[in-house]
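Topology and contacts: notes
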Amino acid sequence: MSWGTELWDQFDNLEKHTQWGIDVLEKYIKFVKERTEIELSYAKQLRNLSKKYQPKKNSKEEEEYRYTSTRAFLATLNEMNDYAGQHEVISENMTSLITAELTRYVQELKQERKSHFHDGRKAQQHIETCWKQLEASKRRFERDCKEADRAQQYFEKMDADINVTKADVEKARQQAQLRHQMAEDSKAEYSSTLQKFNSEQHEHYYTHIPNIFQKIQEMEERRIVRIGESMKTFAEVDRQVIPIIGKCLDEITKAAESVDHKNDSQMVIEAFKSGFEPPGDVDFEDFTQPMKRTVSESSLSNSRGDGKSEPKFGSKSKGKLWPFIKKNKGAGPEDFSNLPPEQRRKKLQQKVDELNRDIQKEMDSRDALTKMKDVYIKNPQMGDAASVDHRLAELGQNIEKLRLEVQKFEGWLAEVEGRLPARSEQSRRQSGVYEAQNASGVNSCAQDRESSPDGSYTEEQSQETEMKVPATDFDDEFDDEEPLPTIGTCKALYTFEGQNEGTISVAEGEMLYVIEEDKGDGWTRIRRNEDEEGYVPTSYVEVYLDKNAKDVHKPLQKISE
């Protein structure tokens, strides 16, 4: 099976077919190139998708990734990033192994094809020239033969005419012989040219053209083999990344299997546990029996200490809201006293750990500088030992400051940890919002229940007293109650910004009245005047209890430091 023998007369068709083969190869190159662009685009989209859902640093979103389900999602995002990388590998390998190689091969193929068909055209032109020479020789032989025949006929005619002179006859004879000789010469030339053409033609169709067409056939077969190998490479490039993609998918499956619903539930408890205990049972208040009011500071203190509040009859008041009900919109206090005990303990512990890590970093830096200084002392040519003294002094000061900070936070932490195992009654007061809200209503309810001279309970007097209490901005949605009596005074050790509902702002050195002691929750209830009262962290004030202090309205003056 050879194109040279089978297709000896199909030069033009072979030229068209080989050009079509190059077009097919270029089309395949374009296909692979577009595939690589798709892979790159897909990888880019996957990376953008993974980046889009990555948690932002130093944000609340990052804290949510401590749960096993969200950690599994984060692992999935990371694996998708690696998954995208494999598609980039596919694109790179297809570009280098297929697109670049085939593009270079196409250029070589075009040059080779051009050379072969140039040789074919050259051979065709040569045989066509030989054919033209043969035709010219043949026409010349034919013309000379006709001329010789006419000269012979003319001679015979002159020779038969008796009126023609002998000289004219001789001339005609010589002319006929000349023409005959010319015809013989043309015949010989034609014969020689014909033999030469036949030889050239045989050489053309049985040697030159078969050789050229054989080269063209081999070139075309190499093109076919090359495109087949490229298709195989196309599949192999994909197959090479399958194990890595499989590992990515295995990691995603492993991350999914690591999701632990029990662990996540426990973490929710750790994240939001306040440390309070549920409120106790509400005591039954029997209003069918006449009640006698016995007001004394000891009874009020006992009533408040027992944590039992007597709500006003017919009153809509719910008292002050607990400070933790409303979220803090600003920066909280340094000791996290605005948080529930359990959450405060966790925050303080985190702060202590963070400070200890900072101390360790500073100590490592100091040790490294100390070693550098020793090297400089032993080898002065390496550097000036005095140049690091300033930095060592700075590090020492930083370490000392950090240690003081640690001591401060450890003190607050010890205070919280000492109060966490609180008594049940105190815990009920913290966790039961209603009791914290009605803390001021414990005694006002008793005071409102005035007794008539005969000892009977008069509800009208209670309601009248309630109506006389001026409303404040803080309690615009509640009915105000009679203020609690003072049980002592306190001095503000630090400035406290009361940003939460139920708290009160105090300035350092300010003297205020104490109306309710700390009951284990870290808060003391104080009053500035008849319209301003609330809770402050116990650690922020120094309390002076005075059982005889009864002044409710007179404000105290700020003590200058």
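Values in this document were obtained by computation on a predicted structure and should not be read as measured data. (Residues numbered from 1 in each chain as written. Predicted model: local features only at pLDDT ≥ 70, side-chain atom pairs only at ≥ 80, totals over all residues. Heavy atoms only, no water.)

Describing the packing of helix α4 (residues 68-160) against helix α5 (residues 166-257)
Two elements in contact, α4 and α5, have axes whose closest approach is 7 Å; the angle formed by their N-to-C orientations is 175°. In terms of their interaxial angle, α4 and α5 are classed as roughly antiparallel. Taken together, the residues that form the contact of α4 with α5 break down as 47 nonpolar, 19 polar and 23 charged. (Axes fitted to C-alpha atoms, helices over the stretch in contact; angles between N-to-C directions. Helix = DSSP H or I, 4+ residues; strand = E, 2+ residues; numbered from the N terminus. Parallel < 35°, antiparallel > 145°, perpendicular 65-115°, else oblique. Nonpolar A, V, L, I, M, F, W, Y, C, P; charged D, E, K, R; others polar.)

A short note on the packing of aromatic side chains
Summed over all chains, the structure comprises 12 aromatic pairs. Relative to Y540, the ring of Y494 lies with its centre 5.5 Å away and its plane at 75°, an arrangement referred to as edge-to-face. With Y494 in the loop between β1 (488-492) and β2 (511-516) and Y540 in the loop between β4 (532-537) and β5 (541-545), the pair connects residues that are 46 residues apart, well separated along the chain. The exposure class of Y540 is buried, given its relative accessible area of 7%. A network of ring pairs unites the aromatic residues Y494, F496, W523 and Y540 as a single cluster. The ring centre of Y105 lies 4.7 Å from the NZ or CZ of R226, which sits over that ring. (Phe/Tyr/Trp six-rings, centres within 6.5 Å; stacked < 30°, edge-to-face > 60°. Buried < 20%, exposed > 50% of the residue type's maximum accessible area, 1.4 Å probe, protein only. Lys NZ or Arg CZ within 6 Å of the ring centre and 35° of its normal.)

What about the pattern of salt bridges?
Tallied over the entire structure, the rule returns 23 salt bridges. Residue R104 is joined to E101 by a salt bridge in which the shortest nitrogen-to-oxygen separation is 2.5 Å. Placement of both R104 and E101 in helix α4 is noted, with a separation of 3 residues, approximately one turn of the helix. Accessibility expressed as a relative area gives 44% for R104, which makes it partly exposed. In this structure, E533 engages R527 in a salt bridge whose closest nitrogen and oxygen atoms are separated by 3.3 Å. For E533, a relative accessible area of 18% translates into the label buried. Of the residues examined, R527 reaches a relative accessible area of 0% and is grouped as buried. (Salt bridge = Lys/Arg side-chain N within 4 Å of Asp/Glu carboxyl O.)

A closer look at the sheet that holds β4
Strand order in this open sheet of 5 strands is β4-β3-β2-β1-β5, and the pairing throughout is antiparallel. If you trace the sheet from one side to the other, it starts and ends with β4 and β5, each paired once. When strand polarity is set aside, the average angle formed by the axes of neighbouring strands in this sheet is 40°. Pairing analysis gives 3 bridges linking β2 to strand β3 (residues 523-529), with the strands arranged antiparallel. Along β3, the bridge assignment pairs Y513 with R527. (Pairing = 2+ DSSP bridges.)

Overview of α5
Compared with an ideal rise of 1.5 Å per residue, which puts 92 residues at 136 Å, α5 spans 133 Å between its outermost C-alpha atoms and is within 8% of the ideal. Bending of α5 peaks at approximately 40° at the position of H204. (Expected span 1.5 Å × (residues − 1). Bend = angle between axes of the 7 residues up to and from the residue.)

With respect to the nonpolar core
If you look at the biggest cluster of nonpolar residues, it comprises 31 residues, and the most contacted ones within it are L25, Y28, M94, I98, F213 and I216. Every element with two or more residues in this core is listed here: α2 (11-52), α4 and α5. Tallying contributions element by element places α4 first for this core, with 11 residues. Not counting residues up to four positions away in its chain, the partners in contact with I98 are Y28, V32, N93, S230, T233 and F234. (Core = buried A, V, L, I, M, F, W, Y, C linked by side-chain atoms within 4.5 Å. Contact = heavy atoms within 4.5 Å.)

Focus on the side chain of R528
Here R528 lies in strand β3. The class for R528 is buried, based on a relative accessible area of 18%. There is a polar contact of 2.6 Å between the side chain of R528 and the backbone oxygen of S505. Among the polar contacts listed, one links the side chain of R528 to the side chain of E510, at a separation of 2.6 Å. (Polar contact = N/O pair within 3.5 Å; in protein donor to acceptor, adjacent residues only side chain to side chain.)

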